[in-house]
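Coordinate inspection notes
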Amino acid sequence: MLGSTFSTRGTDPAADAGGQGRRTDDVDVSGRPLHPCVPDLDRFFRPDSLAVVGASDAEGRPNTGITRQLVTWAERVGARLHPVNPGRASVFGLPCHASVADLPEPVDLAVLLVADPLPVLEQLGAKARFAVVFASGFAETGEAGAAAQERLGRAVAGSGLRLLGPNTNLNAFQAFREDLPGPAIALITQSGHQGRPVYALQELGIRLSHWAPTGNEADLETADFLSYFAGRTEVGAIAIYAEGLKDGRSFTLAADRAARNKVPVVMVKVGRTETGTRAAATHTGKLTGSDTVADAAFRQFGVIRVDGLDELQDTAALLARARPPLAEGVAVYSISGGTGAHFADLATAAGLPLPTLPEAKQAELHQWIPEYLNVSNPVDSGGHPVGDWRGRKIIDAILADPAVGVLVCPITGPFPPMSDRLARDLAEAAEATDKLVCVIWGSPVGTEEAYRITLLGSSRVATFRTFGNCVSAVRAWLDHHRFTAGYRSPFDDAPRTPSSSARKARALLHPGRRLSEHAAKQLLRAYGIRVPREQLVTSAAGAVRAAAQVGYPVVMKASADRLAHKTELGLVRIGLTSASQVRDAYRELADIARYESLELDGVLVCQMVERGVEMVVGISQDPLFGPTVTAGLGGVLVEVLRDTAVRVPPFDAGTARDMLRELRGSRLLDGVRGAPPADTDALVDVILRVQRMALELGDGLSELDINPLMVLPRGQGACALDALAVCRQENTHD
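Here goes a summary of the coordinates provided. (Residues numbered from 1 in each chain as written. Predicted model: local features only at pLDDT ≥ 70, side-chain atom pairs only at ≥ 80, totals over all residues. Heavy atoms only, no water.)

Looking only at helices and strands, the protein features 25 helices and 28 strands. In terms of its C-alpha atoms, the protein occupies a principal-axis envelope of roughly 95 × 80 × 40 Å. Each of the 734 residues in the protein was classed as buried or not, and the buried ones make up 57%. A sequence separation of at least 24 residues applies to 72% of the contacts in the protein between residues at least 6 apart. Looking at the protein as shown, the accessible area adds up to about 29900 Å², and 50% of this sits on carbon and sulfur atoms. (Helix = DSSP H or I, 4+ residues; strand = E, 2+ residues; numbered from the N terminus. Buried < 20%, exposed > 50% of the residue type's maximum accessible area, 1.4 Å probe, protein only. Contact = heavy atoms within 4.5 Å. Areas by Shrake-Rupley, 256 points an atom, 1.4 Å probe, with all protein chains shown as cover.)

What follows is the structure, encoded as structure tokens:
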């Protein structure tokens, strides 16, 4: 366990205005909201009154156990419970009502334990603030179920009634321990069973404040609970298990609210593979969307993605309870050189910094550790010093080093009585420092007193069972604090009014059509993106005149609105230096086009741009997150290399530079094998201009590829040598 000191949080006045809803008057240039919807869920989690529709106390009935749980929970939170069942006069000694119309008062919460919840929802109207639909058989079952689920959503839309479910459970109404100190974990799961490991952390002394089982999300969704929890002062971290997201923008707005308030969000998101995506669809009926885009959006807004439920619980527990780092250096201390080397290997591979301890510090440690043992980091005590007074001296000395912010002690197995003394020294040292002390207790038994009593009983030690979970949790902790320290919300500076470029560009869009290269480049010009000098010609003589005006050498390319891959068809000629070459090239291109039955709008005669670094920048549409921007290594091998990074607008120049740093081939931009450094400032500028295009033309532009974007040497800019643009079937812009 870790200490009970609450971390300092920022505030989010815009998102918190009134504590309710979204500021509907503030949208970006695409018409999408710039502030999250923050529902007031206080009366959902702590109602004054609730109704249980379908309540029963008959032995052997499935609803009886659920009703009993709700009766117990209502007593615990001090809520008045009203059973509803036309076939019973009373349930568990409480007067039972024939229908929701007979309820003696409006209720904060209605739990529907009926197979067909639609009629009840239609009757509830102003009788309830929240409803929970337990029944399954909706979107997770196919088209008919999805249609039934849509009817549930329509039944509550605009009524003031908010719906949790369907296909959910009653995890929100579990018993939570109230005797545990410190910041808590708030839990959101689409599958109730997947939250059990996090819920069980209470048995290890980690506080849990809420559990939201969202199910199919016909109305209330993950983003609603994320927004709500991000404003709760008792919440130290939010843990999420999601099989899909209902809406990408609502999720990023909620994650942005958490980032502003410095609340860590740790998430398992299903859908990394096609198999996982199919399973999610059959379970909750969610659209998982592109995992690459989701992953990028998570990184943009500081959401920490983990793969396993064990990682979810360990990482969330550490982030909820640990104080901010005083330094980023990690020191490894063990009784075995092999153990220390093993952990150091894993930590270094994960990017954790393991600073070499200064010579003076090493000399200090050798007062208690034999000279032949390595103490540079990892620190190997050899075993015996941990069994007496020297053990605490060693720990304190390591923690005193200003470069060390984290001490990790892997104990691969118990070796009493020395391991008992080591555990006690670590716990006591953790109480005396503001630095993070982590212990990995590797015993498969886990019943040892040193583990169960000393380590888990400590309010300051972070205890793990595996090396891997410790490494990933510490890295996430450092990453989170580094991220939030410099975080500025991209929604604050998102464009709200269309630019003059948008008006020019819209005139070029034709619904359902693929634009020719010439037309696509006009689109780029409208947004100030540099393209080569070029002319579109329809005769060999015109090509010769154009080449003279453009200036030799020139490139010639066939141009047509349905022509995507010119190179493969032999419809490009480069390095032409004379009128005769230009004349011959025109005739060759025209002949190939006729052979391929291509209707050309002409031939482009283009300036030949000197070599630089070939990049690709583009726009695509994601079903959940909307328009996305991609940047990567370009050229004819772009589909083979697949070295790209993607982001979800809006984002700033710093995020655009992060995209470039993600690329495996990013060193090409720095200059390799004698090549000069590329003009990365110009490349970032193009990425930001393309982002503006994505925001302003997203409803009319389905796809854009600038490939290659030739990034010239530093100070010389970047030039779009080719472009492809595909318009949406219907341009819905007003």
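There is more to say after this.
Our focus in this paragraph is the side chain of Arg-506. Counting through the fold element by element, Arg-506 comes out in helix α18 (residues 500-506). At 2.9 Å, the side chain of Arg-506 forms a polar contact with the side chain of Asp-699. (Polar contact = N/O pair within 3.5 Å; in protein donor to acceptor, adjacent residues only side chain to side chain.)

Core analysis: the largest hydrophobic core is formed by 64 residues, its most contacted members being Phe-44, Phe-173, Phe-225 and Ile-238. Leave out the neighbours within four places in its chain, and Phe-225 touches Leu-41, Phe-44, Phe-45, Leu-164, Ile-188, Ala-212, Thr-214 and Leu-220. Core analysis: the next-biggest nonpolar cluster, separate from the first, contains 47 residues, Tyr-241, Ala-317, Ala-462 and Ala-473 among them. (Core = buried A, V, L, I, M, F, W, Y, C linked by side-chain atoms within 4.5 Å.)

Right, let's get into the pattern of salt bridges. For the structure on display, the rule yields 42 salt bridges. For the salt bridge of Asp-295 with Arg-299, the shortest nitrogen-to-oxygen distance reads 2.9 Å. Of this pair, Asp-295 and Arg-299 both sit in helix α10 (residues 291-300), four residues apart, which is roughly one turn of the helix. Residue classification places Arg-299 among the partly exposed positions, given a relative accessible area of 39%. For Glu-517, the salt bridge goes to Lys-566, with nearest N and O atoms at 3.0 Å. Remark: Lys-566 occurs in the loop between β20 (554-559) and β21 (572-576) and Glu-517 occurs in helix α19 (residues 517-526); sequence separation between them is 49 residues. Given a relative accessible area of 3%, Glu-517 falls into the buried group. A single network of salt bridges, built from pairs that share partners, joins Asp-291, Asp-295, Arg-299, Arg-305, Arg-647 and Glu-662. (Salt bridge = Lys/Arg side-chain N within 4 Å of Asp/Glu carboxyl O.)

Before going further, it helps to examine the pairing of strand β5 (residues 107-112). Across the six residues of β5, six count as buried, placing the element largely inside the fold. Here strand β1 (residues 49-53) runs beside β5; their pairing, made up of four bridges, is parallel. Among the inter-strand pairings, Ala-51 is bridged to a residue of β5, identified as Ala-110. As paired elements, β5 and strand β6 (residues 128-133) share five bridges and run parallel to each other. Looking at the pairing, Leu-112 lines up with Val-133 of β6. Handedness of the crossover joining β5 and β6 through helix α4 (residues 118-124) is recorded here as right-handed. (Pairing = 2+ DSSP bridges. Right-handed = clockwise from strand over helix to strand, strands pointing away.)

Attention shifts here to the packing of helix α7 (residues 222-229) against helix α8 (residues 248-260). Two elements in contact, α7 and α8, have axes whose closest approach is 8 Å; the angle formed by their N-to-C orientations is 15°. Classified by the interaxial angle, the pair formed by α7 and α8 is roughly parallel. In the crossing of α7 with α8, the sense of the turn from one axis to the other is left-handed. Contacts between α7 and α8 involve Thr-222, Ala-223, Leu-226 and Ser-227 from the former and Ser-250, Phe-251, Ala-254, Ala-255 and Arg-257 from the latter. Partitioned by chemical class, the residues of the contact of α7 with α8 number five nonpolar, three polar and one charged. (Axes fitted to C-alpha atoms, helices over the stretch in contact; angles between N-to-C directions. Parallel < 35°, antiparallel > 145°, perpendicular 65-115°, else oblique. Left-handed = near helix turned anticlockwise from the far one by under 90°. Nonpolar A, V, L, I, M, F, W, Y, C, P; charged D, E, K, R; others polar.)

Pairing in this open sheet of five strands is parallel, and the strands run β9-β8-β10-β11-β12 from one edge to the other. One side of each edge strand has no neighbouring strand; the edge strands of this open sheet are β9 (208-213) and β12 (303-306). Ignoring strand direction, the axes of neighbouring strands in this sheet form an average angle of 20°. Relative to β9, strand β8 (residues 184-189) runs parallel, the two being bridged by five bridges. Residue Leu-187 lies in a different strand from β9, and its bridge partner there is Trp-211. Packing of α10 onto the sheet brings it into contact with β11 (265-269) and β12, and relative to β12 it is tilted by some 135°.

Moving on, we come to the environment of Arg-545. Tracing the backbone shows Arg-545 in helix α20 (residues 540-550). Relative accessible area serves as the criterion here: at 53%, Arg-545 is assigned to the exposed category. Through-space distance from the C-alpha of Arg-545 to that of Asn-85 is 88 Å; in sequence the pair is 460 residues apart.

In contact at an axis separation of 10 Å, helix α12 (residues 337-349) and helix α17 (residues 467-485) are set at 45° when each is read in the N-to-C sense. Classed by the angle they form, the pair α12 and α17 counts as oblique. Considering only the axes of α12 and α17, their crossing is right-handed. Of the residues in α17, those in contact with Thr-339, His-342, Phe-343, Leu-346 and Ala-347 of α12 are Phe-467, Cys-470 and Val-471. Residues belonging to the contact of α12 with α17 are distributed by class as follows: six nonpolar, two polar and no charged.

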